[in-house]
Amino acid sequence: NWNKPTSDLPRIFWDQQWKQIWFPEEIAVSKDVKQWKEFEHQDTYKKVFGGLTLLDTVQTNIGMNEIAKFTPDLQEKAVLTVFGAFEAIHAKSYSYIFTTLCTNTEIDEIFEWVQKNEFLQYKANRIGDVYKAIKEDDPESLWKAMYASVMLESFLFYSGFFYPLYLGGQGVLRNSAEVISLILRDEAIHGVAVGFFAQNIFNSFSDDKKQELTLWGYEFLLDLYQNEMKYTEDLYAETGLSPEVKKYV
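Here we take up the pattern of salt bridges. It is possible for side chains bearing opposite charge to pair when their charged atoms get close. Within this structure, the stated rule accounts for eleven salt bridges. Two residues, Lys123 and Glu228, come together in a salt bridge whose shortest N-O distance is 2.9 Å. With Lys123 in helix α6 (residues 118-132) and Glu228 in helix α10 (residues 207-235), this residue pair connects regions lying 105 residues apart in the sequence. Assessed through its relative accessible area of 1%, Lys123 is described here as buried. Judged by its relative accessible area of 0%, Glu228 is buried. What emerges from the salt-bridge pattern is a single network uniting Glu140, Lys144, Lys209 and Glu212.

Next up, the structure:
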């Protein structure tokens, strides 16, 4: 019943997300093809998008679905379901860029690299495991999943977002960068909204439980951060950009 607010802000998040609706096919990525043929670091660029594809696939197929499923507030549940649809648009956007710039063989090779990269798989599995651990009528496991979601969307995507935005700012592959800027705009809402819903759950816990979960949260964050530094070094090895990427992350 949307006539009676059941918690603060879901309607605002709902309205804002729909105001931002977009589809990748609206962006003329084909205009990047000429520059792409002469671009020096194609391998890094393709790997960046491969990593982003994996994370957004986890967020689409597991994250938002599981969090929405176990969220008791129906208006918040509706908002999270919409977010899941936008995550699917994001995942499809990476495919759209791949299809425009790369051959089928190159795309297959990138997804093979995705399956084998230990740092990328570690963060995807670490986040995915928290999503899969949500239990019915267990606000603690739901809070942990929301926390993990915020870490993914407001932190772990950014090692990938860096490169197309960095290049786009220099006039290189600008249309592909435009797609990333639209995705980033969505992720900003997702991080704020899910973080806000998580805070509401957190405030219902006892002081002892809050202390316990705060410790869990920092340990989880630092573990992901250390892995992200290794992933960044591995991903950007041929470009010399690792220090700049680490600052951005």
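Of the pockets and cavities examined, the largest pocket occupies roughly 270 Å³. Residue assignment for the lining of the largest pocket shows that the elements contributing at least two residues are α3 (42-70), α7 (139-156) and α9 (174-202). Its residues assigned to classes, the lining of the largest pocket comprises seven nonpolar, three polar and seven charged. The space that makes up the second largest pocket amounts to roughly 170 Å³. Forming the walls of the second largest pocket are Trp143, Tyr147, Val150, Met151, Gly195, Ala198, Gln199, Phe202 and Asn203. Taken together, the elements giving at least two residues each to the lining of the second largest pocket come down to α7 and α9. By residue class, the composition of the lining of the second largest pocket is six nonpolar, three polar and no charged.

Parameters at a glance
Residues numbered from 1 in each chain as written. Predicted model: local features only at pLDDT ≥ 70, side-chain atom pairs only at ≥ 80, totals over all residues. Heavy atoms only, no water. Salt bridge = Lys/Arg side-chain N within 4 Å of Asp/Glu carboxyl O. Helix = DSSP H or I, 4+ residues; strand = E, 2+ residues; numbered from the N terminus. Buried < 20%, exposed > 50% of the residue type's maximum accessible area, 1.4 Å probe, protein only. 1 Å grid on protein atoms, 1.4 Å probe; cavity = no way out; pocket = protein on both sides within 12 Å on 5 of 7 lines; lining within 4 Å. Points joined across faces, edges and corners; volume = space filled by probe spheres on them. Nonpolar A, V, L, I, M, F, W, Y, C, P; charged D, E, K, R; others polar.

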